[in-house]
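Fold and contact review
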Amino acid sequence: MTGPLKGHVALVTGGTRGAGRGMAVELGAAGATVYVTGRSTRESRSPLGRTETIEETAELVTEAGGRGIAVRCDHMVPADVRAVVRRIEEEQDGRLDVLVDDTWGGDQWIEWKPLWEHDLDKGLQAVRNGLETHLITLHTVLPLLVRRGRGLVVEITDGDDMFNDRYRGSMFFDLVKVAITRLGKMLHEELSPRGVTSLSLTPGFLRSEEMLEHFGVTEENWRDGIAKDKWFAIAESPRYIGRAVAALAADPDVARWSGKALSSGVLAKHYGFTDLDGSQPEASRFFEEVYFGDKKDSPVEDYR
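Residues numbered from 1 in each chain as written. Predicted model: local features only at pLDDT ≥ 70, side-chain atom pairs only at ≥ 80, totals over all residues. Heavy atoms only, no water.

For the chain, the name recorded in an unreviewed UniProt entry is SDR family oxidoreductase, with Actinoallomurus vinaceus as its organism.

Now the structure itself:
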């Protein structure tokens, strides 16, 4: 393995697909050993029923130049997370440099209706899937970083401060996404005195596997989806946020970002990385100025 993260160890939770897979692969491309956790394996699918598996992600990490290690883990089960920590302690002598906290899996429980009309059990299940999993993971994994007095914690959410200043259309969805952003800020108070950097990070309009299917396109011809939804023109691949995480992990001055709510587009401008097509989508600025703002006729190219 070569690259700026050679010798580094990362844990990417929820790494089966989407942003999780993109982040795991890019950490591998930078030379890291990456533990990939999730519930979808070749032997057993998660309740989502999708075909992607943690084994596939781990293989992609290795192909990219790192070392991928798939570990089946339900992050709603503390014992499962403790088993992951024990494995890292045994196999890496307790070394963990990067924790990417990316569990979600709650879309299936969200109803876009007022709170009193929302199915309560479904709403609470979304909170368990999307927020409790983060808390369980942090409580269990953080001692690895604190003991070493260094490392990076990245809380993956949906929407930056600009986006989340607005109501997200479902109270349970809004609660989870804003709370995760807040976790990155709160952890700064507890971790920065101990040498650990924490922050929250969001992608823009993510071209996940599920989103590509929704638009009936592939990563190769994704632009054909713009005919169905013009806002798809600002979409970014999961590897874009992956490159954001890899850049943060390799930055010796990463503590400058501690407590911040960041986006892949903002970090691309700072570190100079691009998406797979060589562009630098600025979804946050696009949504603020075009989608929510008064520049409705501005060409998307101005934001890529």
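Don't stop here, the text continues.
This part covers the sheet that holds strand β2 (residues 33–38). Ordered in space as β3-β2-β1-β4-β5-β6-β7, the 7 strands form an open sheet in which the pairing is parallel. The sheet is open, and its two edges are formed by β3 (67–72) and β7 (261–263), each paired on a single side. Adjacent strand axes in the sheet meet at a mean angle of 20 degrees when their direction is disregarded. On top of the sheet, helix α9 (residues 264–271) reaches β6 (197–202) and β7; it is set at about 75 degrees to β7, its chief contact. (Pairing = 2+ DSSP bridges. Helix = DSSP H or I, 4+ residues; strand = E, 2+ residues; numbered from the N terminus. Axes fitted to C-alpha atoms, helices over the stretch in contact; angles between N-to-C directions. Contact = heavy atoms within 4.5 Å.)

What follows deals with a nonpolar patch on the surface. On the surface, a nonpolar cluster with roughly 520 Å² of combined accessible area is contributed by Leu115, Trp116, Tyr167 and Met171. Within the fold, Trp116 resides in the loop between β4 (98–101) and α4 (120–148). (Patch = residues over 30% accessible without salt bridge, like charges linked within 9 Å, V, L, I, M, F, W, Y side chains within 5 Å. Areas by Shrake-Rupley, 256 points an atom, 1.4 Å probe, with all protein chains shown as cover. Salt bridge = Lys/Arg side-chain N within 4 Å of Asp/Glu carboxyl O.)

The next point concerns the pairing of strand β5 (residues 152–156). Along any regular strand, the residues point their side chains to alternate faces of the sheet. By the criterion of burial, β5 is predominantly enclosed, with 5 of the 5 residues buried. Both faces of β5 are covered, namely the face carrying Leu152, Val154 and Ile156 and the face carrying Val153 and Glu155. Relative to β5, β4 is paired through 4 bridges, and the arrangement is parallel. The residue bridging Val100 from the neighbouring strand is Val154, located in β5. Traced from β4 through α4 to β5, the parallel crossover comes out right-handed. (Buried < 20%, exposed > 50% of the residue type's maximum accessible area, 1.4 Å probe, protein only. Right-handed = clockwise from strand over helix to strand, strands pointing away.)

A complete count under the given rule lists 16 aromatic pairs for this structure. Measuring from centroid to centroid gives 5.6 Å for Tyr240 and Phe273, while their planes differ by 70 degrees, and the two rings are edge-to-face. Of this pair, Tyr240 sits in helix α8 (residues 238–250) while Phe273 is found in the loop between α9 and α10 (283–291), placing the two residues 33 residues apart along the sequence. For Tyr240, a relative accessible area of 0% puts it in the buried group. With 5.3 Å between their ring centres and 75 degrees between their planes, Phe287 and Tyr291 make a pair best called edge-to-face. Taken as a pair, Phe287 and Tyr291 lie in helix α10 at a separation of 4 residues, close to a single helical turn. By relative accessible area, which is 36% here, Tyr291 ends up partly exposed. One residue, Arg207, lies across the ring of Trp222, its end atom 4.0 Å from the ring centre. (Phe/Tyr/Trp six-rings, centres within 6.5 Å; stacked < 30°, edge-to-face > 60°. Lys NZ or Arg CZ within 6 Å of the ring centre and 35° of its normal.)

For the rest of this paragraph, the subject is the packing of helix α1 (residues 18–29) against α8. Angle between the axes and distance between the axes are the two parameters that describe a pair of packed helices. One can describe the packing of α1 onto α8 by two numbers: an axis separation of 7 Å at closest approach and a directional angle of 45 degrees. In terms of their interaxial angle, α1 and α8 are classed as oblique. By crossing handedness, the relation of α1 to α8 is classed as right-handed. Contact residues: α1 offers Gly18, Ala19, Gly22, Met23, Val25, Glu26 and Leu27, while α8 offers Pro238, Arg239, Ile241, Gly242, Arg243, Val245, Ala246 and Ala249. Taken together, the residues of the contact of α1 with α8 break down into 9 nonpolar, 3 polar and 3 charged. (Parallel < 35°, antiparallel > 145°, perpendicular 65-115°, else oblique. Left-handed = near helix turned anticlockwise from the far one by under 90°. Nonpolar A, V, L, I, M, F, W, Y, C, P; charged D, E, K, R; others polar.)

Let us look at the pairing of β4. Residues Val98 and Val100 point to one face of β4 and Leu99 and Asp101 to the other, with burial holding for every one of them. Note: strand β1 (residues 9–12) against β4, 3 bridges, orientation parallel. Within the sheet, the bridge partner assigned to Ala10 lies in β4 and is Val98.

For the rest of this paragraph, the subject is the nonpolar core. In terms of nonpolar packing, the biggest core is built from 35 residues, with Leu27, Val34, Val100, Leu152, Leu199, Leu201 and Leu267 touching the most fellow members. Every residue in contact with Leu199, bar those within four places of it in the chain, is listed here: Leu152, Val153, Val154, Glu155, Gly184, Leu248, Trp257, Gly259, Lys260 and Leu262. Val9, Tyr35, Ile69 and Ala126 belong to the second largest nonpolar core, which has 33 residues in total. (Core = buried A, V, L, I, M, F, W, Y, C linked by side-chain atoms within 4.5 Å.)

Moving on, we get to the side chain of Ser170. Here Ser170 lies in the loop between α5 (161–164) and α6 (171–191). Assessed through its relative accessible area of 0%, Ser170 is described here as buried. Residues within four places of Ser170 in sequence aside, it is in contact with Ile110, Glu111, Trp112 and His118.

This part is about the side chain of Thr157. For Thr157, the position within the fold is in the loop between β5 and α5. Thr157 gets classed as buried once you look at its relative accessible area, which sits at 5%. In this structure the side chain of Thr157 is engaged in a polar contact, spanning 2.8 Å, whose partner is the backbone oxygen of Lys177. Not counting the four nearest positions on each side in its chain, Thr157 is found in contact with Lys177, Ile180, Thr181, Leu201, Thr202 and Pro203. (Polar contact = N/O pair within 3.5 Å; in protein donor to acceptor, adjacent residues only side chain to side chain.)

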